[in-house]
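Here is what each chain is made of, one letter per residue.
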Amino acid sequence: MGRKHTHYSEEFRAEAVKLVETSGQSIRQVAMELGISDESLRRWIARSRERPAGTPLDADERAELSELRRRVKVLETEREILRKAAAFFAQETERTR
């Protein structure tokens, strides 16, 4: 069975996002009050925080984005190594007891 897709106006989406940001209620509470999916509301909030559609990155922003992506990869690799090292040393500690 296919899922029914409801299309909400941009105004409705903007008001829903504003309600989450100003009311102090959780995303789930606002979504329930409005009768929408909390995942839809989360996506709308994420999109509202992104750069407006159609606005291209300039050269400096592209360079910064590339550098940040490279740094994220390095940090993720380092984190994985540290996680494995911690697990290894935890095993060694248990063996020596």
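Before any of the text, the structure's been laid out above.
Residues numbered from 1 in each chain as written. Predicted model: local features only at pLDDT ≥ 70, side-chain atom pairs only at ≥ 80, totals over all residues. Heavy atoms only, no water.

### Topic: the overall build of the protein chain
Consideration 1: On a plain count of helices and strands, the protein chain comes out with 4 helices and 0 strands.
Consideration 2: Mapped from its N terminus to its C terminus, the protein chain presents α and β elements in the order α-α-α-α.
Consideration 3: Here the protein chain holds 97 residues, and the buried ones make up 11% of them.
Consideration 4: Long-range pairs, those at least 24 residues apart, make up 42% of the contacts in the protein chain between residues at least 6 apart in sequence.
Consideration 5: Carbon and sulfur atoms provide 54% of the accessible area of the protein chain, an area that totals close to 8600 Å².
Consideration 6: Counting 20 positive and 18 negative side-chain charges, the protein chain places the centres of these two groups 5 Å from one another. (Helix = DSSP H or I, 4+ residues; strand = E, 2+ residues; numbered from the N terminus. Buried < 20%, exposed > 50% of the residue type's maximum accessible area, 1.4 Å probe, protein only. Contact = heavy atoms within 4.5 Å. Areas by Shrake-Rupley, 256 points an atom, 1.4 Å probe, with all protein chains shown as cover. Lys, Arg positive; Asp, Glu negative; His and termini not counted. Charge placed at Lys NZ, Arg CZ, Asp CG, Glu CD.)

### Quick word on the packing of helix α2 (residues 27-34) against helix α3 (residues 38-49)
Consideration 1: At a closest axis distance of 9 Å, the pairing of α2 and α3 adopts a crossing angle of 115°. Crossing geometry of α2 relative to α3 is assigned as right-handed. Packed against α2, whose contacting residues are Ile27, Arg28, Val30 and Ala31, the element α3 presents Asp38, Leu41, Arg42 and Ile45 at the interface.
Consideration 2: Its residues placed into classes, the contact of α2 with α3 shows 5 nonpolar, no polar and 3 charged. (Axes fitted to C-alpha atoms, helices over the stretch in contact; angles between N-to-C directions. Left-handed = near helix turned anticlockwise from the far one by under 90°. Nonpolar A, V, L, I, M, F, W, Y, C, P; charged D, E, K, R; others polar.)

### Regarding the pattern of salt bridges
Consideration 1: Counted under the stated rule, the structure contains 6 salt bridges.
Consideration 2: Of the charged contacts in the structure, one is a salt bridge between Glu39 and Arg42, with a shortest N-O distance of 3.1 Å. Here Arg42 and Glu39 lie together in helix α3, a separation of 3 residues that amounts to about one turn.
Consideration 3: Looking at Glu39, the relative accessible area reads 41%, which means it is partly exposed.
Consideration 4: The salt bridge partner of Arg95 is Glu92, with a shortest N-O separation of 2.9 Å. Of this pair, Arg95 and Glu92 both sit in helix α4 (residues 59-96), 3 residues apart, which is roughly one turn of that helix. (Salt bridge = Lys/Arg side-chain N within 4 Å of Asp/Glu carboxyl O.)

### Some thoughts on the packing of helix α1 (residues 10-23) against α2
Consideration 1: It is the contact of α1 with α2, at a shortest axis distance of 9 Å, that shows an interaxial angle of 140°. With respect to each other, α1 and α2 are oriented oblique. Relative to α2, α1 is oriented so that their crossing is right-handed. Along the contact surface, α1 presents Phe12, Ala16, Leu19, Val20 and Ser23, while α2 presents Ile27, Val30 and Leu34.
Consideration 2: In terms of residue class, the contact of α1 with α2 is made up of 7 nonpolar, 1 polar and no charged. (Parallel < 35°, antiparallel > 145°, perpendicular 65-115°, else oblique.)

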